[in-house]
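# Commentary on secondary and tertiary structure
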Amino acid sequence: MDDDLPTDFQVIVVGTGMVESIVAAACSRIGKNVLHLDLSDHYGGLWASYNFDGLQKFIKEVNSDPKRDLQVYNLCEKWYIEKESPEAKDGGDENKTDDSKAEPAKKTWSQSDFTAEYRKFNIDMTPKLLFSRGPLVELLISSNIARYAEFRCVTRVLTWLNNRLMPVPCSRADVFATEAVTTVEKRMLMKMLTSIVGYNEDEMNNEFKDWNDKTFQDYLKHKGLTPNLIHYVLFAIAGGNNNMPCLEGVKECKKFLMSLGRYGNTPFLWPMYGSGELPQCFCRLCAVFGGVYCLNRPIDKVGTKTVDEGKTVVTIESKAKTLNCDHLVIGINECPKELISPEPAESCDISKAVFITNGSIMASEKEPLSLLRFPPLADDDKAVTVLEVGPATGSCPKGLFVVYFIASKSKDAETDLKPYAERIFDMSGGDAESDKPKCLWSLFYNVKDTSAPVSSVVEGVHVCSGPDAGLDFDRAVEQAEQIFKKICPGEEFLPRAPDPEEIVFEDDVTHGPEFQRDHDDDEPKE
Amino acid sequence: MATNRSGAAQRPNGAPQTKVCQFKLVLLGESAVGKSSLVLRFVKGQFHEYQESTIGAAFLTQTVCLDDTTVKFEIWDTAGQERYHSLAPMYYRGAQAAIVVYDITNQDTFGRAKNWVKELQRQASPSIVIALAGNKSDLAAKRMVEFEEAQAYADENGLLFMETSAKTAMNVNDIFLAIANKLPKSEGAGAAGAGGARRLADGEQPRPSSCCK
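Residues numbered from 1 in each chain as written. Chains lettered and ligands numbered in written order. Predicted model: local features only at pLDDT ≥ 70, side-chain atom pairs only at ≥ 80, totals over all residues.

### As for the overall build of chain B
Counting its secondary structure elements, chain B contains 4 helices and 6 strands. What you see in chain B, going N to C, is helices and strands ordered as β-α-β-β-β-α-β-α-β-α. The buried share of chain B, reckoned over its 213 residues, is 51%. The contacts in chain B between residues at least 6 apart in sequence include a share of 72% that link residues at least 24 apart. (Helix = DSSP H or I, 4+ residues; strand = E, 2+ residues; numbered from the N terminus. Buried ≥ 20, exposed ≤ 12 C-beta atoms within 10 Å, placed from the backbone. Contact = placed C-beta atoms within 7 Å.)

Listed below in C-alpha cells is the structure:
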C-alpha cells in the first residue's frame, strides 16, 4: 500500500513522540521536505494515550517483550470489580436514582462495562501538565498550533498534610480566603511569594548566592515561615522535597507563581483527551506544510552513503526500500543502539501507576481536575505527583475518574506507589461503604528513564529523548528546539502559521493556479 | 476565477445578529477524490483543475445562514495524512460533522468511504452528523458507482447523501447547508468542547468557545 512512498527527503523523522513531532513540525514549517514515520500503528510512542482496548493491547505487547524494547517493565494490572454486573442489583439501583435526583446512587461498575465503553477512555502513558506561561503554551500560541487542541484548567492543587488532603491556596485571593493559616502567616507568605516573583535572574542569583549549598527548606525556615507554610511552599508550590536545593526551589516557585491568573485558578492546563493529543497537533502542522506521514513503517537498518560531491546522506532500510535524507531525527527507543554515543549515564527510572476510580479523591461542587503533590510519607521515599482527571476531559465515561501517579523509582512501581494510593482510595475491592473513592482498576509499571540527552556517532543523525518524570513538557520543547537549530541553523523555530482568513484573502487576490505554494518550492513528484 | 457564492453560503453582512453556532467539520476520503476541491468551492467559490495536494491551508472557515441561526463551519482537511493510512485521532476529536467523500468514477474510493464511515462510527462522537458525497458528478459518463447503490448505503447508515461536483459547484453549497440544518443548534450546542474546554489564545481573557452570543 505504501510502495509509492517517495524515497528522498531533506529530513526523515522516526517516532512520533513529543520531541520528534515538534522537530518534524518545525522543519516542515520552514519549508523542509519531511517524512515522518512510526514503527507502530498509532501516534505518540511512549507519549501516547490509549482507549481501554488499546491499553489492553499495549499491556499484552509489553508482557510479550522480555527484552524490554518498549522500555516498560514491572507491569501489573489488577481489577477490583466483578467481571459482570449482577443484573438484579442494577434494577434496584436505577429505581433509587429516580427518587433522589440530587445524589444519584453510585453505579456498580463491572469489567464488562469498561469493555463496552472502551472508547470513552483516553489513558495517558505520559500524563503531563502545561504551565500557563510555560514554554509549551507560549510555543502553541506563537506557532498557531494552539487552534488544533483544547484544554481544561486544573481546578485545584492539593497536598497531603496532617494525614488528610488539603487544598493549597494558589492565588492571592485563595491565600486570603483560606482558613488553614492565620492572618500573620498569610502576610508572611504573601511577602515571600511577592519577593520571589519580583526577582529577575541576576537579582535571584545575587539574593541567593549564600544559599548555594543549602536546601530550600532551610531558606523557608530562615524566612520564619511556620511548618504549615513551609509544607505548602516546598511540596505543593515548588513540587520539591526536603533536599531540594534552595535556588531550584525559588525558581520552581517563580514558575508556578508566574503562571497564575492567565487561564484559571491554578497555573496548570490539561489537554482535552490527554497529553497524547499534543504530539499529534505538531504532526498535523507538519502535514499541513507538506510533511508526509506513514505509520506502521518499521525500519531495518540505518546507514550512510556518500553521493556526488562528497556529500553524505543518511540511509534507512525499510520494507525493501531505501529512504535517503540529509538529517535523520530518531526517537531513542527506535534508534539502533550502535548509533548512540556515548551510552547514556545511569539514570533513575520512573515509577508510574494509573487508577480508575468511582469518585474524586476530594468531593467538590463541580467536576474537579486536580494536581496533588504527595510529600514523601517515609524518609527515604520520593515525592509522588498525582493527577486526577474526570469525564469532562474526555478521559473516561461519566461517573469515573482516572488518576495518575508518577514518582522516581526506588524499588518497583507497585512498592513505591501503593502506600500512597491506599491513603486516598479504597482498594479493598469490597462493597463496604467508605469515605474514599473505590479503586476499580489499577495498573502499575516502570518506565526506563530515557530523558537524558544523547548524541549520535553518525553525523546527520539526531536522537530524541524519551519522556522524563517531570510535571511539564518543558524539557521536550527545549530539546526539540536544540535539534531544530542544528538541522536548520539561523532559521526561525515554528513561526506563526497563517489563520484561515489570511489564506483565503491572499488567494482571492492572486487568483493563481497554485495554492499557497511557490514553483521553486515544489514537492518531490510522487 | 470569480467568486461565486450562492445564497446559502453568505457571510452575515450587516444583518441583525442571530444566534451563531460554530461547528467542527472534518473531511474524509481517499486521496484525490476532491476533498479539498469541495472545500475550496464552498469557501471561496473556486475550482482548480490541477489542485496540488493541500499545503498550509488545511483549516478553513465558512458561514452558512439559516433562518434564525448562523452556522460557522470550521472545516478541517486531512492535510494528506490519510494517504498512508496515518490520520491522527485528534483529527476527528470533537468533530460535530463529517463529509466522507468518494469519486463516482472509482469504485475503490466508495469502498474506502464505507471504511471511513465505520471508523467515524467507532471513533468519533456518537452524535456526529455524517454526510456522504459522491464527488466528480460532472464525470457521469465514466461513472462506476451507481447513485442508487450509494443512496441505499447512506439510508441504511443514516447518512446525508448527495452527488456533488466541485468543478460545476453542483450540490456543493447544498450539502453543507443540509449538514447545517441537521446539526443541533440548541443552547450550548456547537461549543468546540463540552462546556469549559478552551482554546489557548494570546490574550489573558478566555476566548469564548461557546456558540451563543
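Moving on from the coordinates now.
### Description of the pairing of strand 22 (residues 461-464) of chain A
Within a regular strand, the side chains alternate between the two sheet faces. Residue and element names in this part refer to chain A. The alternating pattern of strand 22 places Val-461 and Val-463 and His-462 and Cys-464 on opposite faces, both of which are buried. By the bridge criterion, 4 bridges tie strand 14 (residues 321-331) to strand 22 in an arrangement that is parallel. Across the sheet, Gly-331 pairs through a bridge with Cys-464, a residue of strand 22. (Pairing = 2+ DSSP bridges.)

### Observations concerning the sheet that holds strand 6 (residues 130-131) of chain A
All names here are of chain A. Spatially, 6-10-7 is the arrangement adopted by the 3 strands of the open sheet, whose pairing is antiparallel. The open sheet is flanked by strand 6 and strand 7 (151-153), the only strands paired with a single partner. For strand 6 and strand 10 (residues 268-271), the ladder comprises 2 bridges, and the chain directions are antiparallel. Across the sheet, residue Leu-130 finds its bridge partner in strand 10, namely Leu-269.

### Structural notes on the nonpolar core
By size, the foremost hydrophobic cluster in this structure holds 210 residues, and its most contacted members are A:Ile12 and A:Val23. Ignoring sequence-local partners within four residues, the contact set of A:Val23 consists of A:Val13, A:Val329, A:Ala480, A:Ile483 and A:Phe484. (Core = buried A, V, L, I, M, F, W, Y, C linked by C-beta atoms within 7 Å.)

### Comments concerning the sheet that holds strand 6 (residues 160-163) of chain B
Residue and element names in this part refer to chain B. With mixed pairing, 6 strands are arranged side by side in an open sheet as 2-3-1-4-5-6. In this open sheet, the two strands that pair with only one neighbour each are strand 2 (59-65) and strand 6. Neighbour to neighbour, the strand axes of the sheet diverge by 25° on average, direction disregarded. Two strands pair when backbone bridges link them, and strand 1 (residues 19-29) and strand 4 (residues 97-103) are joined in this way by 5 bridges, in the parallel orientation. (Axes fitted to C-alpha atoms, helices over the stretch in contact; angles between N-to-C directions.)

### Observations concerning helix 1 (residues 35-44) of chain B
Given 3.6 residues per turn, any residue in an α-helix points the same way as the ones three and four places further on. Among the 10 residues in helix 1 of chain B, 9 count as buried, and that is most of the element. Those residues of helix 1 of chain B that fall on the buried side of the exposure criterion are B:Lys35, B:Ser36, B:Ser37, B:Leu38, B:Val39, B:Leu40, B:Arg41, B:Phe42 and B:Val43.

### Here's the deal with the environment of A:Ser259
Residues and elements named next belong to chain A. Note that Ser-259 resides in the loop between helix 11 (246-258) and strand 10. Residue Ser-259 is classed as buried on the basis of its C-beta count, with 21 C-beta atoms lying within 10 Å. Sequence spacing of Ser-259 and Ala-383 is 124 residues, and the spatial spacing of their C-alpha atoms is 22 Å. Those residues in contact with Ser-259 that sit more than four places away from it in its chain are Phe-131, Ser-132, Arg-133, Gly-134 and Pro-267.

### Notes on the domain arrangement of chain A
Here chain A is described as being made up of domain 1 (8-51 + 275-345 + 451-502), domain 2 (68-120 + 348-448) and domain 3 (167-270). Measuring from the centre of the C-alpha atoms in domain 1 of chain A to the corresponding centre in domain 3 of chain A gives 37 Å. (Domains from an automatic or database assignment.)

### Things to note about the environment of B:Gln22
Assignment of secondary structure puts B:Gln22 in strand 1. It is 10 Å that separates the C-alpha atoms of B:Gln22 and B:Ile75, two residues lying 53 residues apart in sequence.

### Some thoughts on unusual backbone geometry
Residue and element names in this part refer to chain B. The phi dihedral of Ala-32 falls on the positive side, at around 70°, and the residue is not glycine. The topology assignment puts Ala-32 in the loop between strand 1 and helix 1. Non-glycine residue Ala-169 carries a positive phi angle of around 75°. Residue placement: Ala-169 occurs in the loop between strand 6 and helix 4 (172-182).

### What to know about helix 14 (residues 474-487) of chain A
Residues and elements named next belong to chain A. Between the first and last C-alpha of helix 14 there are 20 Å, a value that for 14 residues agrees with the 20 Å anticipated at 1.5 Å per step. If you check which residues of helix 14 are buried, you get Ala-476, Val-477, Gln-479, Ala-480, Ile-483, Phe-484 and Ile-487. Looking straight down helix 14, one finds its buried side chains confined to an arc of 165°; they lie on one side. Residues of helix 14 that are buried in the fold lie against strand 1 (8-14), helix 1 (18-29), helix 5 (135-143), strand 14 and strand 22. (Expected span 1.5 Å × (residues − 1). Arc of directions from axis to C-beta.)

### Digging into the packing of helix 5 of chain A against helix 14 of chain A
Residue and element names in this part refer to chain A. At their nearest, the axes of helix 5 and helix 14 sit 8 Å apart, and the two run at 55° to each other. It follows from the interaxial angle that helix 5 and helix 14 lie oblique. Where helix 5 abuts helix 14, its residues Pro-135, Leu-136 and Leu-139 lie against Asp-474, Val-477 and Glu-478. Here the residues of the contact of helix 5 with helix 14 sort into 4 nonpolar, no polar and 2 charged. (Parallel < 35°, antiparallel > 145°, perpendicular 65-115°, else oblique. Nonpolar A, V, L, I, M, F, W, Y, C, P; charged D, E, K, R; others polar.)

### Some points on the confidence of the model for chain B
Residues and elements named next belong to chain B. Here chain B averages 82 in pLDDT, while 78% of its residues score no lower than 70. Ranking the elements of chain B by mean pLDDT puts strand 2 last, at 86, and strand 6 first, at 98. This model gives residues 1-12 a pLDDT under 50, and the stretch forms 24 contacts once residues within four places in sequence are excluded. For residues 203-213, every residue scores under 50 in pLDDT, and the model assigns this stretch 23 contacts once sequence neighbours within four places are set aside. Prediction confidence for the complex, expressed as pTM and ipTM, is 0.89 and 0.84 respectively. (pLDDT = per-residue confidence, 0-100.)

### Some thoughts on the environment of A:Leu35
Residues and elements named next belong to chain A. With respect to the helices, strands and loops of the structure, Leu-35 is situated in strand 2 (residues 34-37). Judged by C-beta crowding, with 25 C-beta atoms within 10 Å, Leu-35 ranks as buried. The spacing of Leu-35 and Phe-52 is 17 residues in sequence and 30 Å in space, taken between C-alpha atoms. Sequence-distant contacts of Leu-35, that is, excluding residues within four places in its chain, are made with Phe-9, Ile-12, Val-292 and Leu-323.

### Brief notes about the packing of helix 1 of chain B against helix 4 of chain B
All names here are of chain B. Following both chains from N to C, one finds helix 1 and helix 4 inclined at 85°, their axes separated by 9 Å at the closest point. In terms of axis orientation, helix 1 runs roughly perpendicular to helix 4. Along its contact with helix 1, which presents Leu-38, Arg-41 and Phe-42, the element helix 4 presents Val-172, Asn-173 and Phe-176. Across the contact of helix 1 with helix 4, the residue classes tally to 4 nonpolar, 1 polar and 1 charged.

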